[in-house]
Amino acid sequence: MPHSSVPSRSAPAWRPLAFAIALLLPSAAAFAQDTTQQPAAPEPGAEKKAATLDTVEVTAQRRVENVQDVPVSISTVGSEQLGVLASGGADIRFLSGRVPSLNIESSYGRAFPRFYIRGLGNTDFDLNASQPVSLVYDEVVQESPLLKGFPAFDLERIEVLRGPQGTLFGRNTPAGVVKFESVKPSQDFSGYARVAYGTDNLWNVEGAVGGPLTDRWSARASVLYQRRDDWVDNTYPGPNESFEGFDESAARVQFLYEGDAFEALLNLHKRDMNGTARLFRANIIKPGSNDFASGFDKDKVATDGVNFSDLETWGGNARLRWDLGDYNLYSITGYETAESLNRGDIDGGFGAAFLGPGNSGPGFIPFASESADGLPDHRQVTQEFRIESDELGRFDWQAGLFYFDEDITIDSFNYDSLSPGNPQAGRAIQQQRNKAWAVFASGDFDVTEQFKLRGGVRYTQDKKDFSASVLEPAPFGAPVGGPYTVHTDVNDVSWDASGVYALNDDVNLYARVARGFRAPSIQGRLLFAAPGAPNGGVSTADSETVISYEAGIKADLWDKRARIGFSVFRYDVSDQQIIAVGGGSNTATLLNADKTIGQGFELDLQAYLTDTLLVTLGSSYNDTEIDDPGLAVPGCGGGCTVTDPETAPGSGLFVIHGNSLPQAPKWVHNLTARWSMPVGDGGEFYVYTDWAYRSEVDFFLYQSKEFTGKASLEGGLRLGYNWRDGDYEVALFGRNITDSTRIVGGIDFNNLTGFINEPRTYGVEFTAKF
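Attention here is on the structure that accompanies the text.

Reading the values: the criteria
Residues numbered from 1 in each chain as written. Predicted model: local features only at pLDDT ≥ 70, side-chain atom pairs only at ≥ 80, totals over all residues. Heavy atoms only, no water. 1 Å grid on protein atoms, 1.4 Å probe; cavity = no way out; pocket = protein on both sides within 12 Å on 5 of 7 lines; lining within 4 Å. Points joined across faces, edges and corners; volume = space filled by probe spheres on them. Helix = DSSP H or I, 4+ residues; strand = E, 2+ residues; numbered from the N terminus. Pairing = 2+ DSSP bridges. Disulfide = S-S within 2.5 Å. Buried < 20%, exposed > 50% of the residue type's maximum accessible area, 1.4 Å probe, protein only. Salt bridge = Lys/Arg side-chain N within 4 Å of Asp/Glu carboxyl O.

**As for empty space enclosed by the protein**
The gaps left among the atoms become clear once a water-sized probe is rolled over them. Going through the model one piece at a time under the given rule, you end up with 17 cavities of 30 Å³ or more. Here the largest cavity defines a volume of roughly 760 Å³. Along the wall of the largest cavity there are 36 residues; nearest its centre are Arg93, Ser96, Glu714, Asn757 and Glu758. Sorting the residues of the lining of the largest cavity by element identifies β4 (102–105), β37 (683–694) and β40 (712–723) as the ones contributing at least two each. Top element by residues in the lining of the largest cavity is β4. It accounts for 4 residues.

So this is what it looks like as structure tokens:
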């Protein structure tokens, strides 16, 4: 992959093939197998049955269970809702705000999503950043942030588990887990195809086909192709004429062997994405407020830097199960690799103030900044062995071993956007090897028919070896030097204990306490480190631990026409890992806050208000607070109005004690409604709308008037008609239908730079299934 020029935009050889396969699949389903699908039409003359909610089965405890019986705050997103949310070609960030307490944002665009649950997350943008929210795709953890953005297609469901999940899912899960479950092969021949076209020449094409190969073997192949033209024009004669387009493909193939006492599920998957990196816009924030500056036009920018995002990932896993009678033995082996390069104009404009009047724009730009980060080498290997009992009686258990090995190389580049051709003007390299192993056990005991206790424990050993070097100095940065090294070696015990009490067949009460752990993090962005900084500017954050308490109720109501889940929680984080990014010194430094407190509640509700009107409502309140009276961080370097107290006049350091966590909205609400009307024999017309709200957020650890994101409300609308009992469907869709425009993140070291949310998208979609 090139590291000094814009990568080729020619499509890889497999992409047209994937596109053609999806188009040629004989049929598809837009709303197949959702857990809240509409009831089938009754036979002529038969008494019509009232619409009821299907049982939702999850694997939150590594076993298949009814979600109502699991003592964890869980939300699920089924296949119908996933199809609606992704209909505009959206990446995984479409999940943000669609379940309680979940926020997702990115300063990289589609390549690098950052997840937050109950306010806990990580705003670090380095390519070796660890996150307290773990993403698990088909039972394999995706540790690298570049792996977490794998597209959501041909999925059974997504599960969002809130609170520490360290016992069964390991380290780096103190906030929770997001689990993706692909549709698996079966002996039934089936598949679907979906083709959508929308604004800005948007294409969204996906499909899958699967069925038996022999009486023991079955297979399923799934493909996705998404693309959109650029929709933002560059008014400056820079290297890029326009921005915000993308071209993305992904594919997955699975093989399932089902023997008498042995089962094997094999998975290969690949992703290729190129397009625009996050588009930074200089001085779009009005000083002294968080309003857009006068003259802001979302369809135009003026920038002199090169911008592109190029990412390739692929991997495979083998999930094996042996039936040993009263026990099942599992082996899960995973391999993942990624290669990427993202380059952008960080100052968001052109020129620089030191060139003289008229040479800096739009607005005041103190100095030019253009950079790139690449991942030329990456691999992740995981192995788990687990044994579980199979309904032995009142007591069931599971135990296992886990191994993790990740090797990363990161390239960082600086460029001179003031010289012809934007030549390279600085390079640094980081290398990190992370090895971890764990042993764990969990069990559940039926105290009575109504009362069940659960508990688990996990011991983890985690080691990191890190080095960083400056190979070519950047202006104002550190000189050539290194390697600067760090070694960490920690161990920890995570645990959980919970109880479920069944008031009756439809109502469960539960309570849970859990301890989670995140291993140390290391940050080595040396290009702009101050000369003479300790260890060359490499910073380290020690392990963080979380104790979480929650209690709740889960109930099926009105003869299963409605379902509710409600929970209250509180957590205490010790030595929380946080990062002070940007600021007047333009550095990224890892820190530990002595203590962070979070508390709130979550509500999940689904109900058939009538037989043809299904409504869902999700709501959460999260109150987070940093509790560390002596902790101060640099304020902005771009003229913002910091509202925190300064340690001393002119110091540029501001006390963040009492602040909420960044990107942690207090309120998250979501609402969906689906109304349908039978048409003819086996036909249906429906209207589906969905809305997501989050309250204001801070972009950085310090609080300021300019870098506070306003509350956001986005909605979607879908009008559809399906026939032949849902085998075929055509629909009109719209995403962000009110065309709401919000600043969702900022760059604070240079000027009042920000980036915005996705624009309104609308189009038409055809689906079919077989």
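**Observations regarding the sheet that holds strand β7 (residues 140–141)**
The strand order β3-β8-β9-β6-β7 describes an open sheet built from 5 strands, whose pairing is mixed. Either end of the sheet is taken by a strand with one partner, and the two such strands are β3 (73–78) and β7. The pairing of strand β8 (residues 155–162) with strand β9 (residues 176–182) spans 7 bridges and is classified as antiparallel. Within the sheet, the bridge partner assigned to Arg162 lies in β9 and is Gly176.

**Description of the state of the cysteines**
Here a disulfide denotes one covalent bond, and it connects the sulfur atoms of two cysteines. Within the structure shown, the criterion is met by 1 disulfide. The disulfide that involves Cys636 links it to Cys640, with 2.0 Å between the sulfurs. Across the disulfide from Cys636 to Cys640, rotation about the S-S bond amounts to roughly -110 degrees, and the bridge is consequently left-handed. Note on accessibility: Cys636 and Cys640 belong to one class, buried.

**Considering the pattern of salt bridges**
Opposite charge on two side chains permits pairing when their charged atoms draw close. Within the structure shown, the criterion is met by 53 salt bridges. For Arg98, the salt bridge goes to Asp690, with nearest N and O atoms at 2.7 Å. Of this pair, Arg98 sits in the loop between α2 (79–85) and β4 while Asp690 sits in strand β37, placing them 592 residues apart in sequence. Of the two residues examined, Arg98 and Asp690, each falls in the buried class. In this structure, Glu181 and Lys179 form a salt bridge, with 2.7 Å as the shortest nitrogen-oxygen distance. Residue classification places Glu181 among the buried residues on the basis of a relative accessible area of 3%. Linked by salt bridges that have partners in common, Arg62, Glu139, Lys179, Glu181, Lys184, Glu384, Arg386 and Glu388 make up one network.

Taken by themselves, the reported measurements are silent on function.
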